[in-house]
Every structure is written in structure tokens, then in C-alpha cells.
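Here is what each chain is made of, one letter per residue.
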Amino acid sequence: MTEDWKSRALKAEEELSRLRDQVEKSQSNLPKPTSLILDPRTTALLILDLSNRCNDPEQVCSQLVPRVNVFLQKVRAAKVFTLYTVSANEKDTPHGGAWDGFGARSDEPVLFPNAYDKFHGGEIDFLLQKRGIKTVIITGASTNNCVLFTATGAAKIYGYHVVIPLDGVIAKNSYESEYPLHQLTVMPGGANNRCSFTTLEGISFKENA
């Protein structure tokens, strides 16, 4: 009886160890941010779905727009092409434009793609291609929706170098923030190698480029 109990205990410990290993292997492979120096002539900033809904403190994007706005000033100083997207269902509503605090300029288009992947329909790719853009910095909300799908399409389908500043995207909770970033690190076909992760402060631009 004692030997049978010991055998069962040993098997239980082995199973527990196996489950621990399985859990560890399944943990999100969260990317570590690195500093990047980008060429302003071939880089664009995409600000996704940060409309005037972000004036509502109940909207999680209300926490993000001040950070992106500070970064936008650096982007403008470097003369980096910038465009905004707004959810198609907000068009022709009081929220139907980029967040007012950005002060969107006439040379900063506001687009209304009707998809989570903002490259859907081809308008963004057309604007980027004619400017010789090779790198896109993707910011916006939410990480698990437009950021994930747009970054995936940009890297896998269109072949852009995708830069995700970890503090430049946001979602309702930590899981919805972290899991999409993990997904971008494991995209098949080498698309994951076209994604870089940094912070807003960690991005700088070549001078006299």
C-alpha cells in the first residue's frame, strides 16, 4: 500500500512538473523595447483610431492621446509623413476626425478605412508608396484590434518594416495589450522579423537625411 502511494505521488509530481513546463512555454513572448534611429524620408507615422472619442475619460484612449501628441511634435520637426485613421462608423459624426488635440494639418490625411486592418482598400499603401515609405510607426487604439491587424497586414502582405512603440498603443486591459504584441513576435513566414518594438522616447530620426 505504501509503495502504491509513493508511486502515485511520484506520478503526480511528474505530471505537475510537466504542466509547469507547458505553462512556462505558453507564456506570452513579450518583446523588449530597443532604441531605433529611423530615416525620416522613408518613415511614416500612422495614428490609428484616436478620434474625439478620446476626450471621454471612460475611453482608454484618453490615456494615450497626450503621449502620442508629444511624440507627434518630434515627428513633425523631423518632417515625417503622418496620417490618421478614424473608424468608418464615426464618419460624419461629432467624432469623425482625428482627436482635436493633435491639430491635424492639411498635409496629414485623415482616412476612414472600413476594417480593422487599415491597409484594407489600398488607400494607405498608395499614399505611402508614392512617398517611398519603407517603415511605418504604428500607434493607436486598440492594440488587440486595429493595431494588431494593421501591423500584421503591413508586415506580411505589404512588406513594410513595422515599428511598434509599446507606450504608443493601448487596450482595455493587460491581456488585450500583451497578447497581440506576442502574436506579432511569432508571425510565420518571417513577417515577425519585419516588426521592431521600442518606446516613443526610444525613437529618433537621422538628421540631414
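Predicted model only: the values in this text are computed from it and were never measured. (Residues numbered from 1 in each chain as written. Predicted model: local features only at pLDDT ≥ 70, side-chain atom pairs only at ≥ 80, totals over all residues. Heavy atoms only, no water.)

**Description of the overall build of the protein chain**
To be explicit about the condition: For the purposes of this entry, the term helix denotes a DSSP run of H or I that reaches at least four residues, the term strand denotes a run of E that reaches at least two, and both are numbered from the N terminus. Three exposure classes are used, based on accessible area relative to the maximum for each residue type with a 1.4 Å probe and protein chains only: buried under 20%, partly exposed in between, and exposed over 50%. Should any heavy atoms of two residues lie within 4.5 Å, those residues are counted as being in contact.
Helix and strand content of the protein chain: 5 helices and 9 strands. In the protein chain, the succession of helices and strands from N to C terminus is α-β-β-α-β-β-α-β-α-β-β-α-β-β. In the protein chain, which comprises 209 residues, the share counted as buried stands at 44%. Restricting the contact set of the protein chain to residue pairs at least 6 apart, pairs at least 24 apart contribute 81%.

**Looking at the packing of aromatic side chains**
Definition in use: For Phe, Tyr and Trp, rings pair up if their centres lie within 6.5 Å, where Trp contributes its six-membered ring, and each pair is then called stacked (planes under 30 degrees apart), edge-to-face (over 60) or tilted (otherwise). Lysine NZ or arginine CZ positioned within 6 Å of the ring centre and within 35 degrees of the ring normal marks a charge as sitting over the ring.
According to the stated counting rule, one finds 6 aromatic pairs in the structure shown. The interplanar angle of 40° and the centroid separation of 5.6 Å between the aromatic rings of Phe119 and Tyr160 together place this pair among those described as tilted. Taken as a pair, Phe119 in the loop between strand E4 (110-111) and helix H3 (123-129) and Tyr160 in the loop between helix H4 (143-157) and strand E6 (161-165) lie far apart in primary sequence, 41 residues in all. Judged by relative accessible area, which is 0%, Phe119 ranks as buried. Of the aromatic side chains, those joined through ring pairs into one cluster are Tyr84, Trp99 and Phe102. Lying across the ring of Phe81, Arg131 places its NZ or CZ 4.0 Å from the centre.

**Digging into unusual backbone geometry**
The omega torsion across Ala141 and Ser142 is 15°, close enough to zero to call that bond cis. Among the structural elements, Ser142 can be located in the loop between strand E5 (135-141) and H4. One non-glycine residue, Asp49, adopts positive backbone phi at about 55°. Topologically, Asp49 is positioned in the loop between strand E2 (43-48) and helix H2 (65-77). Its relative accessible area of 10% is what places Asp49 among the buried residues. Its identity as a non-glycine residue notwithstanding, Asp92 has a phi of 65°, on the positive side.

**A closer look at the environment of Leu128**
Relative to the helices and strands, Leu128 is located in helix H3. By relative accessible area, which is 0% here, Leu128 ends up buried. For the pair formed by Leu128 and Thr43, sequence separation is 85 residues and the distance between their alpha carbons is 8.9 Å. Setting aside chain neighbours within four positions, we find Leu128 in contact with Ala44, Phe81, Leu83, Phe119, Ile133, Val136 and Tyr160.

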